[in-house]
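# Report on the structure
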Amino acid sequence: MDLNFTSEEEAFRQKVRAFLEENVPRSGLSDTREGREDKEWLGRAKAWQRKLNEAGYVALAWPKEYGGQAMDPVRQSIVNDEMVRARAPYLIGGSGLGMLGPTLISWGTEEQKKRYLPKILTAEEIWCQGYSEPGSGSDLASLKTRAEIVGDEFIVNGQKVWTSGAQHADMMFCLVRTDPEAPKHRGISYILIAMHTPGITVRPLVQMTGDRGFNEVFFDNVHVPRKNLVAKLNEGWIVANATLFHERNMLGSASGSEQRFHRLLALAKTIERGGQPLTKDPVFRQRLVELEIKVQAMRLHALRQLTDQIRGKHPGIESMVNKLVGTELNHDLATAAMEAMGDDSMLAREDEKALDRGYWPYEWMFSLGLVIGGGTSHIQKNIIAERGLKMPKSR
Amino acid sequence: MDFGLSEEQQQLKDSARALLTHECPTTEVRKVMASDGYPRALYEQVAKLGWNGLIVPEQFGGAGLGMLEMAMLLEEGGYAAMPGPFLFSSAIATGALKLVRSSEPTGKWLKAIAEGKAIGTVAINDRTGSIDPRDLTTIATKNGEALRINGVKSNVPYAEIADFIVVVARDLSSPELWLGVVEKNAPGVTIKPRKNLDLTRRIASVELEGASAVRLPGEGLYAKLVDIGALAIAADSLGGMERALEMAVEYSKVREQFGKPIGSFQALKHAAAEIVSELEPARSLLWYAAYAFDAGLPDASRYIAMAKARLCDIYARGSDRAVLMHGGIGFTWEHDMHIWFKRARFNESYFGSPAFHRERVAALGGY
Ligand SMILES: Cc1cc2nc3c(=O)[nH]c(=O)nc-3n(C[C@H](O)[C@H](O)[C@H](O)COP(=O)(O)OP(=O)(O)OC[C@H]3O[C@@H](n4cnc5c(N)ncnc54)[C@H](O)[C@@H]3O)c2cc1C
């Protein structure tokens, strides 16, 4: 065990830090994960990812032949930490970078990798995830969107829902039913669909935050080339789960939690209760520590998993807990901040008197969305129990 | 950056698991619970393997390893509900003696521990049941190089069989708490065994009436002793929780109700998933705390306090839920579940409550 970084890694960190200090956009893009997304905003968001990519700080671990740098995961984690530290805006190409990219690297054909991966890095193609449907959420494998093979094409009909970012996505990785007769897990295929294909309609849905974050997507006789199939026909469920694995690690990532805790602590120090800062209130003080302990445990837990990854150890139950614990913790942090603010928590983000630039009301809601999205906490517990602890299936 | 166990550390842990599975099954634990809480045959075996002197410096015949390695053994001891003074003697009392740089006056005790010839323990709590320095009242007066100690220490593990006791006492003239080593057979020392809940451990009151003690030289030793004790208990809690969870999960696969294994019911699945979701990140926390302690990092105390608070909370609550998951059988004396349930309660209160350690985290973090 040795938690020191090498001098090369430290030098790399300094370089990243200096780059971010110089280049993080100070206006027009926010470090909160808000989604007020017009055309102009989108252009700025893509430009930011492009700049970061040109500097060599996006998806560092990807293979060189697809635009990556084949760097070790330690460098990637250094960049992630520095991005959080610099309060850099999140990357618009997140779904491609965090979910589809790693999936294609394991499951895609050579042609698919060459075709799609480089444009994920440059933000030329933004991806969205077409999994959930009106009748299929937690029970994802019951999905009904149909794809029939006609010649060398799939003809897709059906509907997806809660599709984040579909309003500005160029491409969708999508689960479709290709064999309605087979048992539900064995008739699903994983295909890649260009969003501008005729027959696709995107209808935005307004989230509780007031933003247009996710959408309904309708498919009416949409033609998709057969070469857009990932892995084998009717074997999409395994690929879907590979993507979910990456998604859950992304959503449960500890890197933002520490920063958020420090923001909460700083807030609590400025709030007076009974003539003293809230951090001196014996009850709230204990609560803050409970949160910090969980945050620190998750930070160290991520380092342990990074080490396992470097050592080539297969991820086990320790990584199954990330999504559940990480998203619940982020929501708990924001909830504590709302309670700390007392009746000032009534103020919406837009109000000029909102504390801490209105960060918390938005974060409080947004973080609850992530407790649901990517498989709810209940579903995570089912997975941990059944796959991790090998408890008997309910069905 | 490498945050994982080394091959040697993993081997140490695996060999401890194998040994205790074989030599310390619950049938043995129960025999010891019914007698004096000290499994002598088992201790002779682990002495041969060098467990006693694991953290004793090499110059005194030990292996010279650190608290991270010790945590591996303690975790396995917790897993097996290993009875006896090992944790108190070879981790805590030994750790206290090691705080002194010179070989005087600790060398002879360290040597005896490494050879398996002596057992030590620590006496902290006065009548209030708290390790907060403000609640410690036992008085030490200087008598040349030695101390004379007056007070009544409560709930001292294995005082009856210990050869020496590290006693925490204060001089009225300064706020500093001293650590003094009292030989158990010295005049003025009276041991009164208590009846305790967790029968895998034994405790006693220690009455000190002008008992003579050797003062351990150095400053701020008490805070370091708290670190060592908290770390040891956190490691034991990790292993204990792992075992209690494993028992509940295994039972849920075989016990049937409503025509199905009870483990197929979500209430049980979610309870088990919640425990493991807390426990695995807490394991990472413990590793870092032990690593930071061994490396002498400035944040060691803070992380140890985090690990102690977190793991003892998880163990106390988790073992409670593990009893529930067993239903009526879990409430019997005959079933083994209560062994861990009671150890969890001991751990939660020994060496500072979770709330006490959270307050340390806040204070050290400048909240
Ligand atoms: C902010 C946000 C963004 C999203 N983005 C996307 C996206 O980009 N692409 C996409 O495909 N989807 C997306 N989703 C959808 C998300 O994956 C689903 O909402 C989620 O999987 C739950 O499905 P559902 O909404 O149908 O709820 P349901 O499945 O109907 O669940 C309702 C309740 O029942 C519980 N429940 C259901 N089944 C079980 C069970 N077996 N055991 C225990 N409890 C159960 C659930 O936990 C929940 O509490 C997003 C959701 C949110 C909130």
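Attention here is on the structure that accompanies the text. (Residues numbered from 1 in each chain as written. Chains lettered and ligands numbered in written order. Predicted model: local features only at pLDDT ≥ 70, side-chain atom pairs only at ≥ 80, totals over all residues. Heavy atoms only, no water.)

### Overview of the packing of aromatic side chains
As enumerated under the stated definition, the model contains 22 aromatic pairs over all chains in all. Ring centres 4.8 Å apart and planes at 85° place the aromatic pair A:Tyr359 and A:Trp360 in the edge-to-face group. Just as A:Tyr359 is buried, A:Trp360 falls in that class too. Relative to A:Phe366, the ring of A:Tyr362 has its centre 5.8 Å away and its plane inclined at 25°; by these criteria the two rings are stacked. With a gap of four residues between them, A:Tyr362 and A:Phe366 both fall in helix α11 (residues 359-372), about one helical turn apart. Over the ring of A:Phe5 we find A:Arg13, and its NZ or CZ is 5.0 Å from the ring centre. Residue placement shows B:Arg243 over the ring face of B:Tyr79; its charged tip is 5.0 Å from the ring centre. (Phe/Tyr/Trp six-rings, centres within 6.5 Å; stacked < 30°, edge-to-face > 60°. Buried < 20%, exposed > 50% of the residue type's maximum accessible area, 1.4 Å probe, protein only. Helix = DSSP H or I, 4+ residues; strand = E, 2+ residues; numbered from the N terminus. Lys NZ or Arg CZ within 6 Å of the ring centre and 35° of its normal.)

### Regarding the side chain of B:Thr138
All names here are of chain B. Checked against the element boundaries, Thr138 lands in the loop between β1 (120-123) and β2 (139-143). A polar contact is formed between the side chain of Thr138 and the side chain of Asp126, at a distance of 2.4 Å. Residue contacts for Thr138: discarding those within four places in its chain leaves Asp126, Ile149, Asn150, Gly151, Val152, Lys153, Val168, Ala169 and Arg170. (Polar contact = N/O pair within 3.5 Å; in protein donor to acceptor, adjacent residues only side chain to side chain. Contact = heavy atoms within 4.5 Å.)

### Describing the interface of chain B and chain A
For an interface, size is often stated in terms of accessible area lost upon the parts coming together. Opposite the 44 residues of chain B that make contact, chain A presents 47 residues. Looking at the side of chain B facing chain A, the largest losses of area belong to B:Met1, B:Lys269 and B:Tyr367, adding up to 23% of the total buried there. For the interface between chain B and chain A, the tally reads seven salt bridges. A salt bridge links B:Glu359 to A:Arg285, with the shortest nitrogen-to-oxygen separation between them at 2.8 Å. Inspection of the region where chain B meets chain A yields 29 residue pairs in polar contact (both at pLDDT 80 or more). Those elements that place two or more of their residues in the side of chain B that touches chain A are α7 (221-254), α8 (266-294), α9 (300-326) and α11 (354-364) of chain B. The element contributing the most residues to the side of chain B that touches chain A is α8(B), with 18 residues. Tallied by class, the residues present in the side of chain B that touches chain A amount to 25 nonpolar, nine polar and ten charged. (Buried area = accessible area lost by both parts, 1.4 Å probe. Salt bridge = Lys/Arg side-chain N within 4 Å of Asp/Glu carboxyl O. Nonpolar A, V, L, I, M, F, W, Y, C, P; charged D, E, K, R; others polar.)

### Focus on the pattern of salt bridges
Inspection of every chain in the model, using the stated rule, returns 51 salt bridges over all chains. Among the salt bridges present, the one from A:Glu125 reaches A:Arg115, with a minimum N-O distance of 2.8 Å. Note that A:Glu125 is positioned in the loop between α5 (110-121) and β1 (127-130) and A:Arg115 in helix α5, a separation of ten residues in sequence. The class of A:Arg115 is partly exposed, set by a relative accessible area of 35%. Where B:Arg283 meets B:Glu75, a salt bridge forms, and the shortest distance between an N and an O atom there is 3.0 Å. Remark: B:Glu75 occurs in helix α4 (residues 67-80) and B:Arg283 occurs in helix α8; sequence separation between them is 208 residues. As far as burial versus exposure is concerned, B:Arg283 and B:Glu75 are alike and both buried. Residues joined in a network through salt bridges with shared partners are A:Arg304, B:Lys13, B:Arg17, B:Glu75, B:Glu76, B:Glu242, B:Glu280 and B:Arg283.

### Some points on the site of the ligand
Every one of the 19 residues lining the ligand counts as a neighbour, but A:Ser138, A:Trp162, A:Thr376, A:His378 and B:Gln266 are closest to it. Each of chains A and B places residues next to the ligand. A:Ser132 has a polar backbone atom sitting 2.7 Å from an oxygen atom of the ligand. Isolated, the ligand exposes 970 Å² of accessible area, and the fraction of that covered by the protein chains is 66%. Within the residue set of the shell around the ligand, elements represented by two or more residues are β3 (153-164), α11 and α12 (377-388) of chain A. (Near = heavy atom within 4 Å. Areas by Shrake-Rupley, 256 points an atom, 1.4 Å probe, with all protein chains shown as cover.)

### A look at empty space enclosed by the protein
Residues and elements named next belong to chain B. Scanning the entire structure with this criterion turns up four cavities of 30 Å³ or more. If you add up the space inside the largest cavity, you get close to 90 Å³. For the largest cavity, the lining is made up of 14 residues, of which Met82, Phe86, Leu87, Asp236 and Arg343 are closest to its centre. A total of four residues in the lining of the largest cavity trace back to one element, the largest contributor, which is α4. Looking at side-chain class alone, the lining of the largest cavity contains eight nonpolar, three polar and three charged residues. (1 Å grid on protein atoms, 1.4 Å probe; cavity = no way out; pocket = protein on both sides within 12 Å on 5 of 7 lines; lining within 4 Å. Points joined across faces, edges and corners; volume = space filled by probe spheres on them.)

### Some thoughts on helix α10 (residues 337-349) of chain B
Owing to its 3.6 residues per turn, the α-helix brings residues three or four apart onto one side. Residue and element names in this part refer to chain B. With 13 residues, α10 ought to run about 18 Å at 1.5 Å a step, and its terminal C-alpha atoms sit 19 Å apart, in line with that. For α10, a buried count of ten out of 13 residues is recorded, marking the element as mostly surrounded by other parts of the structure. Here α10 has its buried residues at Met337, His338, Ile339, Trp340, Lys342, Arg343, Ala344, Phe346, Asn347 and Glu348. (Expected span 1.5 Å × (residues − 1).)

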